[in-house]
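The chain contents come next:
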Amino acid sequence: MLAQEKQIGKIIKGIGGFYYVKPQASEEIVECKARGVLRHQKMVPTVGDEVMIQSDNPGEWTIESIEPRKNIFIRPPVANVDIGLIVFSMTSPKPNLLLLDKLLISSEIQNVEPLICFSKKDLVSAEEEEVLRKIYSKTPYKLFFFSDRDLDVMNEIAHEISCKTAFMAGPSGVGKSTMANNLCSNQTMETGTLSQKLKSGKHTTRHVELLKMRSGGFLLDTPGFSSYKLSEYIKAEELREYFPEFSRGECRFKSCLHQGEPGCQILVDLKEEKISQTRYDHYLYLLDEIKREQH
Ligand SMILES: Nc1nc2c(ncn2[C@@H]2O[C@H](COP(=O)(O)OP(=O)(O)O)[C@@H](O)[C@H]2O)c(=O)[nH]1
Ligand SMILES: [Mg+2]
Ligand SMILES: [Zn+2]
């Protein structure tokens, strides 16, 4: 082995002071320690980090430096997330679309591209699916409907993620773990009853881990952000920017908050069904919520 061999890679797991790095140029996971200098710089290596690793002695690797991050999450701790799979089942449980819209906004705030994923297609009628499609096809977000047996749709989603890093968000019981198992090879996440056992059982000190996808990308094995207080991140007058299908700059007043001001283009768009009433109602609800929280 060459002295001072260097590689670039991605941290996929960290346990007890060791970091497990997937080098860009190989499939073999490398166990690393962090260089002390990183601690002095208060840079804590985090799952998802792109790092430079170096081997001074055969078989001993250290993380030398961490690339600037695109984003970072605290709970669960993960960095550089490109894509958020926002997962809701169409029934059992019924989708909470206000929560879904909040997660879309959270994604945009954190610079994560959301993919809207509606699961349990086998349990609903075509009409029920159509209601949801009508609401979200008017947004620019990518939209998927599937059941756990639709491997074609899973391949489409895997293709969207390709070599990027994704996490999933959504309520429990909607099929996130099932989906993760379909997207990743040779690795399993506990689904349904098993995960219930884990929750109440001994395995309480879970670490987060990026699972390698068949597409070459990475999927976090733990759900990512749940909805948080929007007022901590955005002002009321900024909310409209987080509804990308709303017309921009076409209302009479530049400052229009689309609350019934004269010359508001949104009211026209609503009548012409260019935007969905449900999305608009959620916009008004969240606008009110942010205003209340800010005062
Ligand atoms: N009928 C049906 N059941 C599903 C589907 N996807 C997941 N499930 C079931 O829903 C339950 C919860 O799934 P799980 O993946 O654990 O959900 P999670 O809590 O979001 O991780 C399990 O019993 C799954 O077998 C689906 O597409 N159709
Ligand atoms: Mg799960
Ligand atoms: Zn307006």
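The written sequence of each chain sets the order in which its residues are numbered from 1. Going through the entries in the order they are written, you letter the chains from A and number the ligands from 1. Per-residue local features are limited, in this predicted model, to residues with pLDDT of at least 70; the limit for side-chain atom pairs, both in listing and counting, is 80 or more; totals at the level of whole chains, interfaces and linings are taken over all residues.

1. Some points on the pairing of strand E11 (residues 165-169)
- By the criterion of burial, E11 is predominantly enclosed, with five of the five residues buried.
- A residue is called partly exposed when the number of other C-beta atoms within 10 Å of its own lies between 12 and 20, exposed at 12 or fewer, and buried at 20 or more, with C-beta atoms placed from the backbone. The secondary structure listing takes helices from DSSP runs of H or I that are at least 4 residues long and strands from runs of E that are at least 2 residues long, numbered from the N terminus. Burial of E11 is two-sided: the residues Thr165, Phe167 and Ala169 facing one way and the residues Ala166 and Met168 facing the other way are all buried.
- The sheet contact formed by strand E8 (residues 83-89) and E11 spans four bridges and is parallel. Along E11, the bridge assignment pairs Ile86 with Ala169.
- Across two bridges, E11 lies against strand E13 (residues 218-220) in parallel orientation. By the bridge assignment for E13, Ala166 is matched with Leu219. At least two bridges found by DSSP between two strands is the condition for calling them paired.

2. Concerning the sheet that holds strand E1 (residues 5-15)
- Reading around the barrel, the five strands line up as E1-E2-E3-E5-E4 and close back on themselves, with mixed pairing between neighbours. On average, each strand axis in the sheet is inclined to that of its neighbour by 55 degrees, with strand direction left out of account.
- Alignment of strand E3 (residues 30-34) against strand E5 (residues 60-66), held across three bridges, turns out to be parallel. Bridge pairing in E5 links Cys32 to Trp61. Axis lines are fitted through C-alpha atoms, for helices just across the contact stretch, and the angle between N-to-C directions can take any value from 0 to 180 degrees.

3. Examining the sheet that holds E11
- What the six strands build is an open sheet, ordered E10-E9-E8-E11-E13-E12; its pairing is mixed. With one partner strand each, in any of the chains shown, strand E10 (142-145) and strand E12 (210-212) form the two edges of the open sheet. Taking each pair of neighbouring strands and ignoring which way they run, the sheet shows an average axis angle of 25 degrees.
- Contact definition: two residues whose C-beta atoms, as placed from backbone geometry, lie within 7 Å. In this fold helix H2 (residues 97-109) packs onto E8, strand E9 (113-119) and E11, with an angle of close to 175 degrees to the strand it touches most, E8.

4. Some points on the environment of Cys264
- Among the structural elements, Cys264 can be located in the loop between E13 and helix H7 (265-271).
- Under the C-beta neighbour-count criterion, Cys264 is labelled partly exposed, with 19 such atoms within 10 Å.
- Through-space distance from the C-alpha of Cys264 to that of Cys251 is 4.6 Å; in sequence the pair is 13 residues apart.

5. What to know about H2
- To estimate how far a helix should extend, the number of its residues minus one is multiplied by 1.5 Å. Taking 1.5 Å per residue as the helical rise, H2 with its 13 residues ought to reach 18 Å, and the 18 Å between its terminal C-alpha atoms agrees with that figure.
- For H2, the secondary structure elements touched by its buried residues are E8, E9, E11 and helix H8 (277-294).
- Looking one or two residues beyond H2, the residue adopting positive phi is Asn111, at roughly 65 degrees.

6. Concerning the pairing of E5
- Of the pairings in the sheet, the one linking strand E4 (residues 50-57) to E5 comprises six bridges and is antiparallel in character. Counterpart to Asn57 in the pairing with E5 is Glu60.
- What sits between E4 and E5 in their antiparallel hairpin is a turn of two residues, with Gly59 showing a positive phi close to 80 degrees.

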